[in-house]
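Chain and residue survey
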Amino acid sequence: LAAQKAAKSARKAAARGRTGERIQSEASKQAVRLGQWTQTNRKMLGLGGLIALLLLGGVYLWTTNLATRRVEAADLLWKAIETSTAAIAFAEDEPSADAEQATTKRRGSREAPTFRTAKARDEKALEAFRVVLTKHPGTPASTWARLGEGRALLALSRISEARSAYEHALAGAEDVQDLSARALE
C-alpha cells in the first residue's frame, strides 16, 4: 500500500513538472510573438497612445472648464441672493440726499449691500439674477436665478413677468432637486 501511494505521488509530481515546463514554454513563445508584433506595429501603438493622451487631456480641460463655470455661476448667484435679502436702511438710520442710493455695511467678512427702499433692492436683485442668467445659462445656478428673478418681479408687482419666470424655473426644475416645490410656492 505504501509503495502504491509512493508511485502515485511520483506520477503526479512528474506530471506537474512537465505541465509547468509546458506552460513556461508556451508563455515564452507568447512573449516572443508579442515582442515581434510590438516591433511590427510600433508606429501605430505610438499614434494610438498619443491619441489617447490627447483625448484624456481634452476631457480634463473640458471638465475643469465646466467646474470653473459652475463655481463662477454659484458665486454670482450668491451675490444676487445677498442683494435680494439685503437690509433696508430707513432715512433716519443713515442720512442721504438720494433715497434710492445703495450703501454697503460689513456683514461678517463680506460687504453686504443696504438699500434705501425695497423697490431699489428688488430692482438691483432682479438685475443681479439676470446677470447669472445671461452669463451662465444651462447651469444649476441659472435655474435658481430664474426662481430669484420671479421673486424679484413679484415683489416689483410685475405679475405676468413673474409668472413667466416661475414657469421657466419650473421647466428647468427637473435637473435641480427641490426647485420645483419652490417654484410652485
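Residues numbered from 1 in each chain as written. Predicted model: local features only at pLDDT ≥ 70, side-chain atom pairs only at ≥ 80, totals over all residues. Heavy atoms only, no water.

1. Focus: unusual backbone geometry
Here the phi dihedral of Ser-157 falls at roughly 65°; this positive angle occurs in a residue that is not glycine. In this structure, Ser-157 sits in the loop between α4 (140-155) and α5 (159-171). (Helix = DSSP H or I, 4+ residues; strand = E, 2+ residues; numbered from the N terminus.)

2. Quick notes on the packing of helix α2 (residues 42-84) against α4
As a packed pair, α2 and α4 sit with axes 8 Å apart at the nearest point and diverge in direction by 20°. With respect to α4, the element α2 is oriented roughly parallel. The chirality of how α2 crosses α4 is left-handed. The segment α2 lies against α4, with Arg-70, Ala-73, Ala-74 and Leu-77 engaging Pro-140, Ala-141, Trp-144 and Ala-145. By residue class, the composition of the contact of α2 with α4 is 7 nonpolar, no polar and 1 charged. (Axes fitted to C-alpha atoms, helices over the stretch in contact; angles between N-to-C directions. Parallel < 35°, antiparallel > 145°, perpendicular 65-115°, else oblique. Left-handed = near helix turned anticlockwise from the far one by under 90°. Contact = heavy atoms within 4.5 Å. Nonpolar A, V, L, I, M, F, W, Y, C, P; charged D, E, K, R; others polar.)

3. Digging into the packing of α2 against helix α3 (residues 118-135)
Axis separation between α2 and α3 bottoms out at 8 Å; the angle between their running directions is 170°. Taken together, α2 and α3 sit at an angle that is classed as roughly antiparallel. Along its contact with α2, which presents Ala-73, Leu-76, Leu-77, Ala-80, Ile-81, Thr-83 and Ser-84, the element α3 presents Arg-121, Lys-124, Ala-125, Ala-128, Phe-129, Val-131, Val-132 and Lys-135. A per-class count over the contact of α2 with α3 returns 10 nonpolar, 2 polar and 3 charged.

4. Remarks on the pattern of salt bridges
Applying the stated rule across the entire model yields 8 salt bridges. Between Asp-75 and Lys-79 there is a salt bridge whose closest N-O contact spans 3.4 Å. Of this pair, Asp-75 and Lys-79 both sit in helix α2, 4 residues apart, which is roughly one turn of the helix. Across the pair Glu-161 and Arg-158 runs a salt bridge, and its minimum N-O distance is 3.0 Å. According to the relative accessible area criterion, Arg-158 is partly exposed, its value standing at 29%. In this structure, a network of salt bridges that share partners links the residues Arg-130, Arg-146, Glu-149, Arg-158 and Glu-161. (Salt bridge = Lys/Arg side-chain N within 4 Å of Asp/Glu carboxyl O. Buried < 20%, exposed > 50% of the residue type's maximum accessible area, 1.4 Å probe, protein only.)

5. So, the confidence of the model for the protein chain
Overall, the predicted model of the protein chain reaches an average pLDDT of 80, with 75% of residues at or above 70. Mean pLDDT values for the elements of the protein chain range from 50 in strand β2 (residues 103-107) up to 93 in α3. For the stretch residues 97-101, pLDDT sits under 50, and the model shows 9 contacts to residues farther than four places along the chain or on other chains. (pLDDT = per-residue confidence, 0-100.)

6. Thoughts on the side chain of His-136
You can see His-136 is positioned in the loop between α3 and α4. His-136 sits in the buried class, given a relative accessible area of 6%. Among residues more than four places away in sequence, those in contact with His-136 are Arg-69, Glu-72, Ala-73, Leu-76 and Ser-142.

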